[in-house]
Structure formats: C-alpha cells, structure tokens
Amino acid sequence: MSQKIKAFAPASIGNVSCGFDVLGLAVQQPGDEVEITLNDSKKITIERIVGDGGRLPLETEKNTAGVAVIEFLKSIGQAQGASIVLHKNLPLGSGMGSSAASAVAAVVAINELMGLPLAKKELLPFAMEAERVACGSAHADNAAPSLLGGLILIRDNHPLDIIEIPTPRELFSVLVHPHIEVKTRDARSVLKQTISLNDGITQWANTAALVAGMMKEDYELIGRSLVDVVAEPLRADLIPGFRAIKSIALKNGALGCGISGSGPTVFCLCHGRGNAARAGKAMQQEFLTMKLESEVFVSEINRQGAYTIH
Ligand code: HSE
C-alpha cells in the first residue's frame, strides 16, 4: 500500500443561480491539492498550508481538509495517523467552493491511501461535514460537483440523494473573481428564512427549466433559466457593481449570469469558448472601472471531478 498520495479537487459554482443549495457545477481550474502521508502517530496533523498567506487554521479540527480526513477514518473505524500538506490554490471567501475543494481533495487522497474502502460518491458526507465546520452549513452544492464533476442536483440531504445532470458539450463557464472577500457565513446571514409563494414558483420553475435545458442541450433555455429571485437580490449589494457586471456579460456573449455560490465571484455560462472569453474580458473590464482587479477563469465543464495525481 502506498504511503503518500496527492489529490486535486476543482473549484465549483454553487447554486448556479436558481438552484440555491441544490445545484452545483464543477469547473476545470483552479483547484486545491492535498498531499497526505500515512504515519504511525495515530494522529491527523496539518503539516503545512501553502498559498493561504497564513490565514487558514493549522488545527486539524478547524481545517476542512483535516475534518474530512478525521470523519472518514472514524467512519471506516481506523485509528490511522497521517500528516496533511494543503496547497491552497483557490482564494478564500471567493464563492468558488474553496473550503469544499480542500475537503474533497483530502478525502479522495485518504480513501486511496486506505485501499479504496469507499466508492467516490460515498465520500461526500465527510466533505459536507467539513463545510459545516467552515461556514456553519453542511450544504453539498460545492462538495458534490468538486468530488464527482459535472452538474449535480442535490434532491435531498437526509438521506443523501444526488443526481448527475448531463451538460451540453459546448457549454463553457466563466468565473470572474474580484479581489474582495465575502464569507459564506455572512452571505447566508443576509438571506430571509421565508420566501413568498410567487418567488417560490419562479424559483422552482427556473430550476426545473435549467435542468431541462441542460438535458435537451437547449442553450437559450439554459440562459433564460439562470434567474435567482431568492438569494441574488439580497446578496447583490455585497458585490460592487454586480448589476452592471451582469448586464455587460449578457451583452458580450453570456447566456446567463449570476453570483457564484455566495460570491463575490460572478459566473456566466456561454455557448462556445469564444463567447466565454469575450464575456470574461468584458466583465473584468467592468470591474476595473470600479478600480477592482479580478481574475478570469474560462473553462469547459469538468466532467471528472476530483482525482489522485500519481
Ligand atoms: N449554496 C451556498 C450558498 C454555496 O449560496 O450559501 C456557498 O458557496
């Protein structure tokens, strides 16, 4: 059995506009990498975190990679010792599923080191538990796509019922990450606990239509279903110029545009790489008019999810 394994887990777009907490989409890049080495200590330690500027906790129980490994080992009943090195490529508080990617990469690595006792899908609860530690809510809309790739619908959390939705071949995603931070915990605290019946109807109509659009490869339907009347109106003000960015994206090749997860990253979906590159550039320019630097990630849909690197 190997003693040391590295795994990669990609960023993801939580919610995908209308699917608050129930839809998530994996992108190709960027992603986090976690390297785990087994040892005889019977303890799980975080040896090092690279790329977080010293901001993430090194205490195993407070770190999403650490929590996922502890929960996994508990579940398979093994008191294995291991040390973790986390390569944090995803920005913190970005809305790109950063905390989920670390947890997913960690649990994929430890599962392989322990001889693959669990199937990939069965690893999801450990990453969700890590999400609870990171932001107070065990939502799966980042962890599930980061683990499995593609577009994932979480029909239920108890018991976990996740559905992989096919996506059209020429669908591209764009993530534009402005250099500000929004904590998921804070972005959840601005939400209301109740919504009107009218908003409910609009939201579930769009969620169902988005899934139908994906399955029918109907790009126009995908675009007009990227509507969120639940979270986006309440979170828009957390992102400077969000409405202008969205309108620019739609004028420059985006089918639809919204907040990625809890923000501040803004995403759009496009038909073809050319449209995606054009929309991304226009959105970045618009952020610059507000003196906000940003990074743009244009990507095909990631259909593989997390994997080990040999
Ligand atoms: N569904 C979560 C939220 C995703 O919107 O709060 C967090 O990235």
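Given the structure is predicted, the values throughout are model-derived calculations rather than measurements.

### Topic: the nonpolar core
Counting residues in hydrophobic clusters, the biggest one holds 71 residues, and the most contacted among them are V16, I36, F72, I110 and L269. Per-element tally for this core: the top contributor is helix α2 (residues 98–113), with 11 residues. Beyond its immediate sequence surroundings of up to four residues, L269 is in contact with V16, L25, L171, F172, S173, M214, I222, L226, A254, L255 and G256. Counting residues in hydrophobic clusters, the runner-up holds 19 residues, among them F172, V266, M283 and F287.

### Let's talk about unusual backbone geometry
In the segment running from Q29 into P30, the intervening peptide bond is cis, with an omega of -5°. Tracing the chain through its elements places P30 in strand β2 (residues 23–39). Residue H158 is joined to P159 through a cis peptide bond whose omega torsion reads -10°. Along the chain, P159 falls in the loop between β5 (151–157) and β6 (160–165). In the Ramachandran plot, K42 falls in the positive-phi region, its phi being about 65° despite a non-glycine side chain. Structurally, K42 can be placed in the loop between β2 and β3 (44–50). A positive phi angle, near 60°, is found at K291, a position not held by glycine. Secondary-structure assignment places K291 in the loop between α10 (273–289) and β10 (294–300). Judged by its relative accessible area of 76%, K291 falls in the exposed class.

### Section: the domain arrangement of the protein chain
Each assigned domain of the protein chain is listed here: domain 1 (4–166) and domain 2 (171–300). Computed over C-alpha atoms only, the centres of domain 1 and domain 2 are separated by 24 Å. Taken together, the contact pairs 32 residues of domain 1 with 38 residues of domain 2. Here domain 1 and domain 2 share an interface that buries about 2600 Å² over both sides, 63% of which is from carbon and sulfur atoms. Considering only the side of domain 1, the residues that lose the most area to domain 2 are S17, C18 and F20, jointly responsible for 23% of the buried surface there. Here domain 1 is connected to domain 2 by 2 salt bridges. As a salt-bridge pair, D21 and R188 come within 2.7 Å of each other at their nearest N and O atoms. Looking at the side of domain 1 that touches domain 2, the elements that each hand over two or more residues are β1 (4–14), β2 and α3 (124–135). With 6 residues, β2 is the largest single contributor of residues to the side of domain 1 that touches domain 2. For the side of domain 1 that touches domain 2, the residue count by class is 17 nonpolar, 13 polar and 2 charged.

What counts and how
- Residues numbered from 1 in each chain as written.
- Predicted model: local features only at pLDDT ≥ 70, side-chain atom pairs only at ≥ 80, totals over all residues.
- Heavy atoms only, no water.
- Core = buried A, V, L, I, M, F, W, Y, C linked by side-chain atoms within 4.5 Å.
- Buried < 20%, exposed > 50% of the residue type's maximum accessible area, 1.4 Å probe, protein only.
- Helix = DSSP H or I, 4+ residues; strand = E, 2+ residues; numbered from the N terminus.
- Contact = heavy atoms within 4.5 Å.
- Domains from an automatic or database assignment.
- Buried area = accessible area lost by both parts, 1.4 Å probe.
- Salt bridge = Lys/Arg side-chain N within 4 Å of Asp/Glu carboxyl O.
- Nonpolar A, V, L, I, M, F, W, Y, C, P; charged D, E, K, R; others polar.

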